[in-house]
Amino acid sequence: MRITIIGAGVVGCSIALALRRLGMDVTVVDKLGAVGHGSTSASCAIVRRYYSEPGMIALANEGAHVWADWENFLGPIDDDKIVFPRPGMLFIPPEIDAEVRAIVAEMHRLNIKVSILDVEEVRERFSYLDTSSNFPPLPPDHEAFFESRGREIEGAVFEEDAGYVVSPGLATQNLRDAGERDGVHFQLNREVQRIDKRDDGKFELRTEDGASIESEVLVNAAGPHSSIINRLAGVKLALTTRPLRQEVHTLRNPLSNGSTASPLLIVGDMDSGVYWRPEGGGRDIIVGSTEPDCDALDWVDDPDDYDDEISEPYWRRQSMRLMQRFPEVKLGPARGLSALYDVTVEDWYPIVDRTDLPGYYLCIGTSGSSFKTSPVLGQLLAEVIGACESGRDVDQNPIQMKLRYTGYTVDTSFLSRNRGVIQSSGTVIG
Ligand SMILES: Cc1cc2nc3c(=O)[nH]c(=O)nc-3n(C[C@H](O)[C@H](O)[C@H](O)COP(=O)(O)OP(=O)(O)OC[C@H]3O[C@@H](n4cnc5c(N)ncnc54)[C@H](O)[C@@H]3O)c2cc1C
């Protein structure tokens, strides 16, 4: 069976490898000249398991095992391979409430190394962090931004072996190398502009350069362009995917002293409205947003026409929130990048499913947090395609995915297009 995947990001390349391993004839098409050059290239590639939805905790945990065993997962390839430092991650929620305790209990059930630290333990273990509460986050030009809230954080969740992948572009290239070794075809510099479903049931894609690509099955893995591809295919969903502009900024790590060795960990600080991790071997820190209520979301109508420069107010806001928690950080020159998430507007969870158009499948709405799970989502969509194309109705009989590394079985209907809305944080934290 011939399958075309639109999108050679980390998601499309993961799906391609998984489908090829099921014996399918796979072609990946991308309008860019190299794999992983879309939103994947901007990813912070943090690999953690703290999610509101139990199924996603299990998938993220499986993802962490895949990244840790990357060489074996891929099989032999010639290129350099990613590295996966695991300094641990501290989550600082506004309060340690029943919801946080339930997430940690679920993580324990899955044997994830996680614990709740009280504020004294946070101070002892990470003395460079200021443990004042900054909740609710404010814009830095607000008169109360620098005022004490008069209380400390209640504590934090520490995930001992959370890490990040260096680099997401290289990870995607690794997937391409493994795919090509096994027979996956890549057609780069080809923008899909038209999708027809012919009377014989086959898809025919027309690309900008006049080429035509035929296949029995078509996969939308177009990242922030996912809704455009759905429109070309004439497919409407109950859930909405939409590009959201983001900035990530780079500051000097004051603990590094110019050396590359640094004790810095990863922090998800919902109390202050930012997440951050070491960069450049620990010399720098990169900081992104956890979408606090006070910041307007920067939705983009056209993913091919958005402001891809960083902006002074965004940089200042994010840097100053980082400095609230980590006071030794100094504002340096504005550095960073601007990129797009493909957000499932209703709940910020991906959609990995068939559609009502036979043969047309989705792995979209990755919502700023699906780098970590991409190899697992790739395997899941390959299973969905294999099952549907053999006549199974996965709407009625969803895939119960047996996770290879961790051994757990996950009911994957929570990622279906008709799932309703997951009760989530409605942010990148999930
Ligand atoms: C700033 C930022 C930080 C992030 N941080 C994290 C993190 O810390 N941890 C984490 O797990 N996740 C993170 N993510 C999310 C993660 O990186 C994404 O979920 C993932 O990279 C999406 O991959 P993708 O393959 O779906 O999309 P993309 O990488 O965008 O790939 C889609 C591809 O489709 C191609 N395409 C689109 N339209 C067409 C067309 N018409 N014809 C041909 N090709 C087309 C594009 O050129 C592109 O290459 C972050 C994302 C961003 C932007």
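Residues numbered from 1 in each chain as written. Predicted model: local features only at pLDDT ≥ 70, side-chain atom pairs only at ≥ 80, totals over all residues. Heavy atoms only, no water.

Time to look at the site of the ligand. Taken together, the neighbourhood of the ligand is formed by 39 residues, with Asp30, Ser39, Thr40, Thr366 and Lys372 sitting nearest. Within the backbone of Cys44, one N or O atom sits 3.1 Å away from a nitrogen atom of the ligand. Burial of the ligand by the protein chains amounts to 97% of its free accessible area of 1000 Å². Mapped by element, the contributors of at least two residues to the shell around the ligand are α1 (10-21) and β17 (336-344). Class assignment for the residues of the shell around the ligand results in 21 nonpolar, 13 polar and 5 charged. Built from parts of two domains, the shell around the ligand gets at least three residues from each of domain 1 (2-82 + 167-240 + 347-415) and domain 2 (89-160 + 242-343). (Near = heavy atom within 4 Å. Polar contact = N/O pair within 3.5 Å; in protein donor to acceptor, adjacent residues only side chain to side chain. Areas by Shrake-Rupley, 256 points an atom, 1.4 Å probe, with all protein chains shown as cover. Helix = DSSP H or I, 4+ residues; strand = E, 2+ residues; numbered from the N terminus. Nonpolar A, V, L, I, M, F, W, Y, C, P; charged D, E, K, R; others polar. Domains from an automatic or database assignment.)

The end-to-end C-alpha distance of helix α2 (residues 54-68), which contains 15 residues, comes to 21 Å, matching closely the 21 Å that a straight helix rising 1.5 Å per residue would cover. Burial analysis of α2 places 12 of its 15 residues in the buried class, the great majority of the element. Taken together, the buried positions of α2 are Gly55, Met56, Ile57, Ala58, Leu59, Ala60, Asn61, Glu62, Gly63, Ala64, Val66 and Trp67. (Expected span 1.5 Å × (residues − 1). Buried < 20%, exposed > 50% of the residue type's maximum accessible area, 1.4 Å probe, protein only.)

A few words now on the domain arrangement of the chain. Taken domain by domain, the chain holds domain 1 (2-82 + 167-240 + 347-415) and domain 2 (89-160 + 242-343). Summarising the inter-unit geometry, the C-alpha centres of domain 1 and domain 2 are found 29 Å apart. The interface of domain 1 with domain 2 comprises 28 residues on the first partner and 31 residues on the second. For the domain 1 and domain 2 pair, buried surface summed over both sides reaches about 2500 Å², with 68% attributable to carbon and sulfur atoms. Among the residues of domain 1 in contact with domain 2, Cys44, Tyr50 and Trp348 are the three that bury the most area, contributing 29% of the side total. On the surface where domain 1 and domain 2 come into contact, there are 2 salt bridges. We note a salt bridge from Lys31 to Asp304, for which the minimum N-O separation is 2.7 Å. Put simply, domain 1 and domain 2 have 11 residue pairs in polar contact (both at pLDDT 80 or more) between them. Looking at the side of domain 1 that touches domain 2, the elements with two or more residues in it are α2 and α7 (226-233). (Contact = heavy atoms within 4.5 Å. Buried area = accessible area lost by both parts, 1.4 Å probe. Salt bridge = Lys/Arg side-chain N within 4 Å of Asp/Glu carboxyl O.)

With that settled, consider the sheet that holds strand β11 (residues 212-215). Ordered in space as β9-β10-β11, the 3 strands form an open sheet in which the pairing is antiparallel. Each end of this open sheet is capped by a strand with a single partner; those strands are β9 (192-197) and β11. The average undirected angle you get between the axes of adjacent strands in this sheet is 20 degrees. Two strands pair when backbone bridges link them, and strand β10 (residues 203-207) and β11 are joined in this way by 4 bridges, in the antiparallel orientation. Paired with Arg206 across the bridge in β11 is Ser212. (Pairing = 2+ DSSP bridges. Axes fitted to C-alpha atoms, helices over the stretch in contact; angles between N-to-C directions.)

We now examine the side chain of Arg176. As for its position among the elements, Arg176 is in helix α6 (residues 168-182). Since its relative accessible area comes to 18%, Arg176 is described here as buried. Among residues more than four places away in sequence, those in contact with Arg176 are Val35, Phe186 and Leu188.

The next thing to look at is the pattern of salt bridges. In the structure shown here, the tally under the stated rule is 34 salt bridges. Across the salt bridge formed by Glu214 and Arg198, the nearest N and O atoms sit 2.8 Å from each other. On the criterion of sequence distance, the pair formed by Glu214 in strand β11 and Arg198 in the loop between β9 and β10 is long-range, its members being 16 residues apart. According to the relative accessible area criterion, Glu214 is partly exposed, its value standing at 32%. If you follow the salt bridges from partner to partner, you end up with Arg2, Arg198, Asp200, Glu204, Arg206, Glu214 and Glu216 in one network.

Compared with an ideal rise of 1.5 Å per residue, which puts 15 residues at 21 Å, α6 spans 21 Å between its outermost C-alpha atoms and is within 8% of the ideal. Along α6, the positions that sit buried rather than exposed are Pro168, Ala171, Thr172, Asn174, Leu175, Arg176, Asp177, Ala178 and Gly179. Residues of α6 that are buried make contact with α1, α2, α3 (70-74) and β8 (185-187). Where α6 ends, the next residue or the one after it, Gly183, has phi of about 110 degrees, a positive value.

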